[in-house]
Amino acid sequence: MQTTKFDVIVVGSGASGGWAAKRLSEAGIKVALLEAGKPQGDKDFTEHVPAYDLKYRDKASELMRRTRPTQRDCYACREWNYKWFANDLEEPYTNPDDKPFSWQGRTRVVGGRTNVWGRQSYRHSDQDLKGKSFDGYGEDWPVSYKDLVPYYELVEDYVGISGQTENVAELPDSRFHPAMPMSCAETQLRTRVKEKLGWTVTVGRVANITKPINGRAPCHYCGPCEQGCVTHSYFNAAFTTVADALKSGNTTLITDAMVYKVLTDPMTNKATGVMYIDRVTREVKQVKARAVLLCAQALESARILLNSSTGGLANSSGVLGHYLMDHTWVAGGAGGEFPDVPSPTPSLGAPRRPNGIYGIRMKNAINGPRHKDYIRGFGFQGGGSTSFRMNAPGYGQAFKKGVLDPITSVNLVGFGEVLPRFDNFIALDPNVVDIFGIPVLRVTMSWGENEKKMIPDMAVTAAQMMEAAGAKNIQQFTVPNRVPGFGIHEMGTARMGSDSKTSVLNQYLQTHDINNLYVMDASSFVSGGCQNPTLTIMALAVRGCDYLMEEMKKGNV
């Protein structure tokens, strides 16, 4: 058993772990950055590789399912990059037969999910953070929007978020790079929805830069981003925060490190380090430090804590693993055609804007009416497209001409807030271990009545917006039985709170029970909002690191 000593251990090199390593190491703190996966670099990126150059031409989906039956359901897992994802057979999880859960996006490369994320980046408002004060359900976050603003700004200035200012209270504006342009059909939808319904449709706020920053080139619309980016035009921790941390000379990156548990000293009630399994050699190793930061992802970080002590480490409250949330992903929506909008000639080689449009939450708004059937709300993601008319009538020359008659359409799909409930939880499965001998998680999650009542209104509202925009052939849809996990926005398994009896962490992501142990990913979320969580994850992590450094200066850690 090998042991090495550092100031701080950071477990996970994704959105929060990369920021933690950068923030601490640039302040002169010696950091050990542990990553369960392999190194990642430009040589591994394949966004410019066409399908016909692949061994199986992206036609062998079932071959990938042999080792990644769950990961293959992720939109980003394809022949170009499937080896970035965890092998589901080697690293399983379980769930009750009557409560399916899809744990997707489990990457095993430096940068974590930031290699393949959708890059949608939205702030949370005080209405999101103080939901209990607004409608009486759940708990308020122990932080306010005002507390997060300077950290949102710091993160946004470094990451680069393109978008446009809207001055809508439900979705605070960020500090933006120039927005990516909307299409004619999208602009018509935006204009008419605002005029007739008073709701705001904006271009997506996306972590793809549109002007040079920190040596990174502007996005050149090549896509698909989930296969990497050799111009570093989107935010990936592997070539941004982690690279900066390594450049400081104060971070040691340890890859293929499958962290098993946090080590503690019962005499001092402090974390002393972590134990991990080397994925290549299967050796058991230890790293020691003055403080431990878990940034492994909401389910993985909670799993480490559950494996670290009988009943779970830092779990005097008994809520560790509980209040699991996701978003109801593409649970309802509508689409329509815009035949009267000027459209370009369809092309297979046109630029691909790596972004869509966003319909800002309009139900149960701060100054609007309350819905009679449900609390909280949903936002819409989606976008417009112009495609060939492959179902054109006729034969021969008439059919060929008809195929080139463009179909321009816009689709809106709902992402709904999921209420935090104690009976949505994770625990260790006493009968199953992974290939490294580490007990795996058993995930128990289902949609509650509030989510079930919200989903049909997504379809009705989206169709209402299409009608206002003048769309034709409007089609609604609902997926009330969408399996939890498809949103890939797991949150809440070690939530923050002012009361140590009902929460795991304080407002600075420090565990109530152990003052040198922090959890800095979406485990901390008290509620989920309907926005993508990553921007808030990063802002909270930087804020927590600043607090940790003050505690270290005071000699408290």
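Residues numbered from 1 in each chain as written. Predicted model: local features only at pLDDT ≥ 70, side-chain atom pairs only at ≥ 80, totals over all residues. Heavy atoms only, no water.

Draft legend 1. Inspection of the overall build of the protein chain at higher detail. A tally of helices and strands in the protein chain yields 11 helices and 17 strands. Relative to the 2.2 N^0.38 estimate, which gives 24 Å for 557 residues, the radius of gyration of the protein chain is 23 Å and therefore close to what a compact globule would have. Counting only C-alpha atoms, the protein chain reaches 80 × 55 × 50 Å along its principal axes. Within the protein chain, the fraction of its 557 residues that count as buried is 61%. (Helix = DSSP H or I, 4+ residues; strand = E, 2+ residues; numbered from the N terminus. Rg over C-alpha atoms; globule rule 2.2 N^0.38 Å. Buried < 20%, exposed > 50% of the residue type's maximum accessible area, 1.4 Å probe, protein only.)

Draft legend 2. Representation of helix 8 (residues 298–308) in the model. Burial of helix 8 is extensive: 11 of the 11 residues sit out of reach of the surface. All buried positions along helix 8 are accounted for by A298, L299, E300, S301, A302, R303, I304, L305, L306, N307 and S308.

Draft legend 3. Summary view of empty space enclosed by the protein. Per the counting criterion, the structure on display carries 2 cavities of 30 Å³ or more. Quantified by volume, the largest cavity comes out at close to 90 Å³. C219, C222, G223, C225 and C229 are the residues nearest the centre of the largest cavity, which is lined by 16 residues in total. In the lining of the largest cavity, the residues fall into 8 nonpolar, 6 polar and 2 charged. Empty space within the second largest cavity amounts to approximately 40 Å³. If you trace the second largest cavity, you find it lined by D128, E170, L171, Y358, I360, R361, C530 and Q531. Considering only residue class, the lining of the second largest cavity consists of 4 nonpolar, 1 polar and 3 charged. (1 Å grid on protein atoms, 1.4 Å probe; cavity = no way out; pocket = protein on both sides within 12 Å on 5 of 7 lines; lining within 4 Å. Points joined across faces, edges and corners; volume = space filled by probe spheres on them. Nonpolar A, V, L, I, M, F, W, Y, C, P; charged D, E, K, R; others polar.)

Draft legend 4. Examining the pairing of strand 13 (residues 407–416) more closely. The buried count for strand 13 comes to 9 of 10 residues, which makes it a mostly enclosed element. Pairing between strand 10 (residues 328–337) and strand 13: 7 bridges, direction antiparallel. From the neighbouring strand, E337 faces strand 13, where its bridge partner is S409. Relative to strand 13, strand 12 (residues 378–387) runs antiparallel, the two sharing 10 bridges. (Pairing = 2+ DSSP bridges.)

Draft legend 5. Geometry of the nonpolar core. Within the largest apolar cluster, 99 residues are counted, with the highest numbers of intra-cluster contacts made by L34, L293 and L517. Sort the elements by how many residues they give to this core and helix 11 (residues 534–554) lands first, with 11 residues. Other than its neighbours up to four places away in sequence, L34 contacts I9, V10, V11, G12, S13, I254, A257, V259, V274, Y276 and V287. (Core = buried A, V, L, I, M, F, W, Y, C linked by side-chain atoms within 4.5 Å. Contact = heavy atoms within 4.5 Å.)

Draft legend 6. Just the packing of aromatic side chains, in detail. Tallied over the entire structure, the rule returns 14 aromatic pairs. Ring geometry for Y234 and F239: centres 6.0 Å apart, planes at 70°, overall edge-to-face. Classification of Y234 as buried rests on a relative accessible area of 1%. The rings of F45, W84, Y234 and F239 are connected pair by pair, giving a single aromatic cluster. Looking at K261, its charged tip hangs above the ring of Y260, at a distance of 4.9 Å from the centre. (Phe/Tyr/Trp six-rings, centres within 6.5 Å; stacked < 30°, edge-to-face > 60°. Lys NZ or Arg CZ within 6 Å of the ring centre and 35° of its normal.)

Draft legend 7. Spatial organisation of the side chain of D521. You can see D521 is positioned in the loop between strand 17 (517–519) and helix 11. The buried charged residue D521 lacks any salt bridge partner; its closest oppositely charged side chain belongs to R113, at an N-O distance of 9.5 Å. A polar contact of 3.2 Å, which involves the side chain of D521, links it to the backbone nitrogen of A296. Within polar-contact distance, the side chain of D521 engages the backbone nitrogen of Q297 at 2.8 Å. If we skip the residues at most four places from it in the chain, D521 touches S16, L294, C295, A296, Q297, A298, S301 and I537. (Lys, Arg positive; Asp, Glu negative; His and termini not counted. Salt bridge = Lys/Arg side-chain N within 4 Å of Asp/Glu carboxyl O. Polar contact = N/O pair within 3.5 Å; in protein donor to acceptor, adjacent residues only side chain to side chain.)

Draft legend 8. Broad picture of the sheet that holds strand 16 (residues 472–478). Within the open sheet, the 6 strands sit side by side as 5-11-12-13-10-16. Their pairing is antiparallel. At either end of the open sheet lies a strand with only one pairing partner, and these are strand 5 (201–203) and strand 16. Strand after strand, the sheet turns through a mean of 25° between neighbouring axes, direction not considered. In terms of strand pairing, strand 10 meets strand 16 through 5 bridges, oriented antiparallel. Counted as the bridge partner of G332 is T478 from strand 16. With respect to the sheet, helix 6 (residues 184–197) is in contact with strand 5, strand 11 (357–359), strand 12 and strand 13, its orientation differing from that of strand 13 by roughly 55°. Sitting on the sheet, helix 10 (residues 449–469) touches strand 5, strand 10, strand 12, strand 13 and strand 16, and the angle it makes with strand 10 is about 20°. (Axes fitted to C-alpha atoms, helices over the stretch in contact; angles between N-to-C directions.)

Draft legend 9. Fine view of the layout of surface pockets. Considered as a void within the structure, the second largest pocket measures approximately 230 Å³ in volume. In terms of lining, the second largest pocket is formed by K38, R68, K83, F85, A86, N87, E90, R108, D256, R279, R282 and F436. Here the lining of the second largest pocket is composed, by residue class, of 3 nonpolar, 1 polar and 8 charged.

Draft legend 10. Highlighting the pairing of strand 14 (residues 425–433). Judged from the 5 bridges that link them, strand 14 and strand 15 (residues 439–444) form a sheet pairing that is antiparallel. Note on strand 15: the bridge partner recorded for A427 is R442. The turn linking strand 14 back onto strand 15 is made up of 5 residues, and G437 within it adopts a positive phi angle of 85°.

Draft legend 11. Main features of the environment of E551. Within the secondary structure, E551 is located in helix 11. For the pair E551 and T493, spaced 58 residues apart in sequence, the C-alpha separation works out to 25 Å. Sequence-distant contacts of E551, that is, excluding residues within four places in its chain, are made with Y518, N556 and V557.

Draft legend 12. Focus on the pattern of salt bridges. Using the criterion set out here, one finds 36 salt bridges in the structure. The residue R303 makes a salt bridge to D434 at a minimum N-O spacing of 2.7 Å. Linking R303 in helix 8 with D434 in the loop between strand 14 and strand 15, this pair joins segments that are 131 residues apart in sequence. Each member of the pair, R303 together with D434, is buried. Ionic contacts of the salt-bridge type, sharing partners, join the residues E91, R106, R108, R279, E300, R303 and D434 into one network.

Draft legend 13. Spatial organisation of helix 10. Taking 1.5 Å per residue as the helical rise, helix 10 with its 21 residues ought to reach 30 Å, and the 31 Å between its terminal C-alpha atoms agrees with that figure. One or two positions beyond helix 10, positive phi appears at G470, with a value near 85°. (Expected span 1.5 Å × (residues − 1).)

Draft legend 14. Seen up close, unusual backbone geometry. For the bond from G223 to P224, the omega torsion is -10°, close enough to zero to count as cis. Of note, P224 is situated in the loop between strand 5 and helix 7 (241–247). If you check the backbone angles, I488 has positive phi at about 55° while not being a glycine. For I488, the position within the fold is in the loop between strand 16 and strand 17.

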